Amino acid sequence: MDKMIQAKDNVQREHLNAWAKKNYKGTSIAATGVGKTRMGLLAVAHVLENDPKATALIVVPTENLRNNEWPNEIKKWKLTKFKSRIDIQCIQTVYKLKNYHWTILVVDEVHTTLSPQYRNLYENNTWDHIYCLTATMPENDEYRKYLKSFAPKVRETDTLEALSLGLISNYKVYNLPIDFTEDEIKEYNKWDILFNKATNQLGGRFVAFQEASKNRNSPDKDKAKWANIFYIAMQKRKHICYNAVNKLETIKQIVDKFSDRKGLIFSESIIFAEQLQEKLGDECITFHSKIKLKEKKEVLKKFGDGRTKVRIISSVKALNAGLDVPECSLGVCAAGSSKALDNIQRKGRTLRLVEGKVSIYVNLYVRGSQELKWVQKRTKDEFNCKWINNLDEITV
């Protein structure tokens, strides 16, 4: 473990030195286990120690990061002496600010702040130094270009490098199919046919999305009709995949198979997450945006406490980043996008280093549906990924 601590410290220092060489303006890309939070706090401490009037703003994407993870790290690394000069806020709040200035701006999960709406944070405020953190660069070309304009990449440590340095636990990824029910097949096929028809009406699959975006409110009624049909059919098809009934039983079988593990189940629907909680019973608890802050804290406390029955969290996006429970070694993606970043973040929640731990991460998808393509895209660079047909093929 001492060797691991030294390796982690060395990597963190390399990132910070690279940032300093770029005039204290840039982005570190670092996988789970590298210690992005500590890197951000070391950057803050460096600036605040050298200027008693300096101020810091740390921007995060979730309440859990704002209220728990970052404050806990401040205590852990004995930086509470700077507490009065460090403000931690969610991007959903700070993008509304105007004419503020900070000595240092630290942006955690910076990819979540680059939308046209949220980038008002950067357009309407100023700073002397900026340090951005993320597990991977944004997939959107325009977002990457925009980030580069004010915080270019300074160093990258990906999952494979983190694994080779002993900073994360070993892991296995499995892609497992399930089937629609007969009613779901009929419903999915109905919307799939309509989606393909709209795609053809909009000029084919290479331009349909762009044309649909452009023409939803077009004065040309025919173009507007097919643009809106395209979006409606796409969403309907997606939601049928997200909420496929047979996923519930498959997840129960996975959870029962690994009854000694703490796990996270990721979905895209609050309804599905709550149905899953009912299916799994007392050992599972839900975590999503509609739960009150006090309840969220209680959920995380129960999950982290080995004395309770709770060993599974059924989550909707809210825990994609920032949960730190090293004992968690099972992950199931019940539904997800095609984005590699989402995959890296969700999987990363199960990779916190524990000696001897081998994590298991399972992607579910509906056989013969669009969901297969999403899983193919987000796992195409996985080094240890197996496509399987049944649960018996999942082994440690």
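Residues numbered from 1 in each chain as written. Predicted model: local features only at pLDDT ≥ 70, side-chain atom pairs only at ≥ 80, totals over all residues. Heavy atoms only, no water.

S.K.: I'd like a description of the pairing of strand 7 (residues 170-178), backed by residues and values.
M.R.: Taking burial as the measure, the nine residues of strand 7 include seven buried ones, the bulk of the element. In the sheet, strand 7 pairs with strand 12 (residues 358-366) via nine bridges, with the strands oriented parallel. The residue of strand 12 that forms the bridge with Lys 172 is Ile 360. Where strand 7 and strand 13 (residues 385-387) come together, three bridges link them in parallel fashion. Following the sheet pairing, Tyr 174 is matched in strand 13 by Lys 386. (Buried < 20%, exposed > 50% of the residue type's maximum accessible area, 1.4 Å probe, protein only. Helix = DSSP H or I, 4+ residues; strand = E, 2+ residues; numbered from the N terminus. Pairing = 2+ DSSP bridges.)

S.K.: Explain the sheet that holds strand 1 (residues 25-30) residue by residue, including any values.
M.R.: Strand order in the open sheet formed by six strands is 3-2-4-5-1-6, with parallel pairing between adjacent strands. In the strand order of this sheet, the two ends are held by strand 3 (86-90) and strand 6 (153-157), each with one partner. Shown here is a sheet whose adjacent strand axes are inclined to one another by a mean of 15°, direction ignored. Relative to strand 4 (residues 101-108), strand 2 (residues 56-60) is paired through four bridges, and the arrangement is parallel. (Axes fitted to C-alpha atoms, helices over the stretch in contact; angles between N-to-C directions.)

S.K.: So, the nonpolar core: which residues are in play, and what are the values?
M.R.: Ranked by internal contacts, the top residues of the largest apolar core, which has 51 residues, are Ile 58, Trp 70, Ile 86, Ile 104, Val 106, Tyr 131 and Ile 313. Here this core takes seven residues from helix 2 (residues 36-49), the largest share from any one element. For Tyr 131, the contacting residues outside a window of four places in its chain are His 15, Leu 16, Trp 19, Gly 26, Ser 28, Met 39, Gly 40, Ala 43, Leu 105, Val 106 and Val 107. (Core = buried A, V, L, I, M, F, W, Y, C linked by side-chain atoms within 4.5 Å. Contact = heavy atoms within 4.5 Å.)

S.K.: Just give me the short version of the packing of helix 2 against helix 3 (residues 63-76), but keep the residues and values in it.
M.R.: It is at 10 Å that the axes of helix 2 and helix 3 come closest, and there the two elements cross at 60°. Taken as axis vectors, helix 2 and helix 3 run oblique relative to one another. Handedness of the helix 2/helix 3 crossing: right-handed. Seen from helix 2, the contacting residues are Thr 37, Arg 38, Gly 40 and Leu 41; seen from helix 3, they are Trp 70, Glu 73 and Ile 74. Looking at the contact of helix 2 with helix 3, its residues break down into three nonpolar, two polar and two charged. (Parallel < 35°, antiparallel > 145°, perpendicular 65-115°, else oblique. Left-handed = near helix turned anticlockwise from the far one by under 90°. Nonpolar A, V, L, I, M, F, W, Y, C, P; charged D, E, K, R; others polar.)

S.K.: Could you give an account of the pattern of salt bridges, with specific residues and numbers?
M.R.: Scanning the model with the defined rule gives 18 salt bridges in all. The salt bridge involving Glu 283 is made with Arg 311; its shortest N-O contact spans 2.9 Å. Here Arg 311 lies in the loop between helix 13 (293-304) and strand 10 (312-316) and Glu 283 lies in the loop between helix 12 (270-280) and strand 9 (284-287), a separation of 28 residues in the sequence. In the salt-bridge network here, residues are joined through shared partners; they are Asp 9, Arg 13 and Arg 38. (Salt bridge = Lys/Arg side-chain N within 4 Å of Asp/Glu carboxyl O.)

S.K.: Provide a residue-level description of the side chain of Thr 32, including the pertinent values.
M.R.: The residue Thr 32 is located in the loop between strand 1 and helix 2 in this model. When residues no more than four places from it in sequence are discounted, the contact partners of Thr 32 are Ala 162, Ile 168, Gly 348, Arg 349 and Arg 352.

S.K.: So what's going on with the pairing of strand 8 (residues 262-267)? Which residues, and what values?
M.R.: Within strand 8, six of the six residues are buried, which leaves it mostly tucked inside the rest of the structure. Residue alternation in strand 8 divides its side chains into two sets, Lys 262, Leu 264 and Phe 266 and Gly 263, Ile 265 and Ser 267, and both sets are buried. Direction of pairing for strand 8 relative to strand 11 (residues 328-333): parallel, over a ladder of five bridges. Its bridge partner lying in strand 11, Lys 262 is registered against Cys 328. Where strand 8 and strand 10 come together, five bridges link them in parallel fashion. Across the sheet, the residue bridging to Phe 266 is Ser 315, located in strand 10.

S.K.: Give a detailed account of the state of the cysteines, specifying residues and quantitative values.
M.R.: Between two cysteines, a covalent bond joining their sulfur atoms is known as a disulfide. Considering all chains together, one arrives at zero disulfides under this definition. This cysteine, Cys 132, is not joined by any disulfide, and Cys 90 carries the nearest cysteine sulfur, 16 Å off. Unpaired in terms of disulfides, Cys 284 finds its nearest cysteine sulfur in Cys 328, a separation of 12 Å. Its relative accessible area of 2% is what places Cys 284 among the buried residues. (Disulfide = S-S within 2.5 Å.)

S.K.: Go over helix 13 with me, naming the residues and quoting the values.
M.R.: End to end, helix 13 covers 17 Å across twelve residues, agreeing with the expected 16 Å (1.5 Å per residue, within 8%). Taken as a whole, helix 13 has its buried residues at Lys 296, Val 299, Leu 300 and Phe 303. Seen end-on, helix 13 carries its buried residues on one side only, within an arc spanning 90°. Facing away from the buried surface of helix 13 by more than 90 degrees, the exposed residues are Lys 294 and Lys 301. In this structure, the buried residues of helix 13 make contact with helix 3, strand 8, strand 9, strand 10 and strand 11. (Expected span 1.5 Å × (residues − 1). Arc of directions from axis to C-beta.)

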